[in-house]
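As a plain string of letters, each chain reads:
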Amino acid sequence: MADCVSKVELSISCENLLDKDVFSKSDPLCALLLNTGGNQWVEIGRTEMVKNCLDPKFSKKFLLDYYFEQVQKLKFGVYDIDNETFDLGDDDFLGEIECTLGQIVSGKKLTRPLVLHNGKPAGKGTITIFAEEVKDNRVVNFEVQARKLDKKDFWGKSDPYLEFCKQSPDGKWQMVHRTEVVKRNLNPTWKPYKIPLQTLCNSDLRKPIKVTCYDYDNDGSHDLIGTFETNMETLQVASHISPAEFECINPKKKQKKRSYKNSGIVSFKLCQIVKEYSFLDYIMGGCQMNFIVGIDFTGSNGDPRKPDSLHYINPNGFNEYLMAIWSVGMIIQDYDT
């Protein structure tokens, strides 16, 4: 009988979040916490921050092990990020929900109202969590450029970025990846990036993919430059010698102007499907590990005869160095020949 464990990818979006900023909109981020027993919670991940947005669709996904036989309690907390510190305690709290991974997986989609720490509703804020089982370990490596994009800023050039969306069974588009913003450039080259094939198109090479190009604005009112649809069957033939190119179309401009051609060209220089090997793949494939220990006997660690030294030779047990070596060595010894 197969083990009742699967990899599950969670996608997060929110709507109608509380607006905690006076002169702009909230800058939300979602943190995921796992219950380890009782009232103990440990953070296992967080999304990116989306600036000036009360209806964020987060690009970063959460990847979890789903155990059928376990009750895995999760907490999703949404915060308005006000500074650059890692601690969320000094940021404005926008609401949270508690649920189990089983509740999300059983329905594939879970939408709940956000609540504050006192249990009261966080305004009209809601959070939606999509779940997909990850069965494919292939990823798609992208190298993408664009040229002659529309100028959307009055005092300068556009600040373009791309969003990739896949089509859900209900026909709606679900955002799966967002590139970085290239500042003040109508002919941008985005940094190479990769998207898991299952995330991008459910591993279906003919499944529609929508690519949208926006001009980034600090106030969150990003301007549409243009959009187009394609699929992996078309994209994977791209190469530096023969790129796959698409016209960015702005529907409103196309409708208004008869002479309208496009709002720029997006060019895929590389769209390569590769297998991303796991740690276990390397081990089972014959990879060997060697365990080597190096210890810094600097004088600042103190006299080894004194208990406050990290090198203390404890007659009744191990010092901190020995405990660390013992803990790691007990695991590595099975793989070190």
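Right, let's walk through the structure included here.

**A word on the nonpolar core**
Membership of the largest hydrophobic core comes to 29 residues, with the highest contact counts inside it found for Phe142, Leu162, Phe164, Leu200, Met232 and Phe268. Among the elements that take part in this core, strand E9 (residues 138–147) stands out by supplying 4 residues, more than any other. Setting aside its immediate chain neighbours within four residues, Phe142 contacts Phe164, Pro192, Tyr193, Ile195, Leu200, Met232, Leu235, Phe268, Leu270 and Cys271. One finds Cys14, Phe58, Leu74 and Ile129 within the second-largest nonpolar core, a separate group that totals 27 residues.

**Here's the deal with the side chain of Ser26**
Looking at the element boundaries, Ser26 is found in the loop between strand E1 (5–15) and strand E2 (28–37). Given a relative accessible area of 0%, Ser26 falls into the buried group. Looking at Ser26, its side chain comes within polar contact range of the main-chain oxygen of Leu18, at 2.8 Å. In this view, Ser26 contacts Leu18, Asp19, Lys20, Asp21, Val50, Lys51, Asn52, Cys53, Leu54, Asp80 and Leu94; residues no more than four positions away in its chain are not counted.

**Remarks on the sheet that holds E9**
Overall, antiparallel pairing links the 4 strands, which are arranged E12-E9-E16-E15 in an open sheet. The strands lining the two open edges of the sheet, one partner per strand, are strand E12 (193–196) and strand E15 (244–247). On average, each strand axis in the sheet is inclined to that of its neighbour by 35°, with strand direction left out of account. Relative to E12, E9 is paired through 4 bridges, and the arrangement is antiparallel. Looking at E12, one finds that Val140 is bridged to Ile195.

**Some points on the pattern of salt bridges**
Applying the stated criterion across every chain, the model contains 12 salt bridges. In this structure, Lys7 and Asp65 form a salt bridge, with 3.0 Å as the shortest nitrogen-oxygen distance. Pair noted here: Lys7 is in strand E1 and Asp65 is in strand E4 (residues 62–67), with a separation of 58 residues, a long-range link. Judged by relative accessible area, which is 38%, Lys7 ranks as partly exposed. The shortest N-O distance in the salt bridge between Arg178 and Glu163 comes to 3.1 Å. Taken together, the residues span a long stretch of sequence, with Arg178 in strand E11 (residues 173–178) and Glu163 in strand E10 (residues 160–167) at a distance of 15 residues.

**Considering the pairing of E2**
A large share of E2 lies buried, amounting to 7 of its 10 residues. Across 7 bridges, E2 lies against strand E5 (residues 73–80) in antiparallel orientation. Residue pairing for E5: Leu33 is matched across the bridge by Lys75. Taken together, the 6 bridges between E2 and strand E3 (residues 40–46) define a ladder with antiparallel strand orientation. In the sheet register, Leu33 faces E3, and the bridge partner there is Glu43. Hairpin connection from E2 to E3: 2 residues lie between these consecutive antiparallel strands, with Gly38 at a positive phi of about 60°.

**Some words on a nonpolar patch on the surface**
A grouping of Phe318, Leu322, Met323, Trp326, Met330 and Ile331 is seen on the molecular surface, where their side chains present a nonpolar patch of about 640 Å² in accessible area. Among the residues examined, Phe318 registers a relative accessible area of 48% and is labelled partly exposed.

**A short note on the sheet that holds E11**
Spatially, the 4 strands line up as an open sheet ordered E11-E10-E13-E14, and their pairing is antiparallel. Either end of the sheet is taken by a strand with one partner, and the two such strands are E11 and strand E14 (223–230). When the angles between neighbouring strand axes are averaged without regard to direction, this sheet yields 30°. In terms of strand pairing, E10 meets strand E13 (residues 209–215) through 7 bridges, oriented antiparallel. Residue Glu163 lies in a different strand from E13, and its bridge partner there is Thr212.

**A closer look at the packing of aromatic side chains**
Following the criterion strictly, the structure yields 11 aromatic pairs and no others. Centre to centre, the rings of Tyr161 and Tyr214 are 5.6 Å apart; their planes meet at 25°, and the pair counts as stacked. Linking Tyr161 in strand E10 with Tyr214 in strand E13, this pair joins segments that are 53 residues apart in sequence. A relative accessible area of 4% means that Tyr161 is categorised as buried. Since its relative accessible area comes to 21%, Tyr214 is described here as partly exposed. Over the face of the ring belonging to Phe86 we find Arg46, whose NZ or CZ atom lies 3.8 Å from the ring centre.

Here is what the cut-offs are and how they apply
Residues numbered from 1 in each chain as written. Predicted model: local features only at pLDDT ≥ 70, side-chain atom pairs only at ≥ 80, totals over all residues. Heavy atoms only, no water. Core = buried A, V, L, I, M, F, W, Y, C linked by side-chain atoms within 4.5 Å. Buried < 20%, exposed > 50% of the residue type's maximum accessible area, 1.4 Å probe, protein only. Helix = DSSP H or I, 4+ residues; strand = E, 2+ residues; numbered from the N terminus. Contact = heavy atoms within 4.5 Å. Polar contact = N/O pair within 3.5 Å; in protein donor to acceptor, adjacent residues only side chain to side chain. Pairing = 2+ DSSP bridges. Axes fitted to C-alpha atoms, helices over the stretch in contact; angles between N-to-C directions. Salt bridge = Lys/Arg side-chain N within 4 Å of Asp/Glu carboxyl O. Patch = residues over 30% accessible without salt bridge, like charges linked within 9 Å, V, L, I, M, F, W, Y side chains within 5 Å. Areas by Shrake-Rupley, 256 points an atom, 1.4 Å probe, with all protein chains shown as cover. Phe/Tyr/Trp six-rings, centres within 6.5 Å; stacked < 30°, edge-to-face > 60°. Lys NZ or Arg CZ within 6 Å of the ring centre and 35° of its normal.

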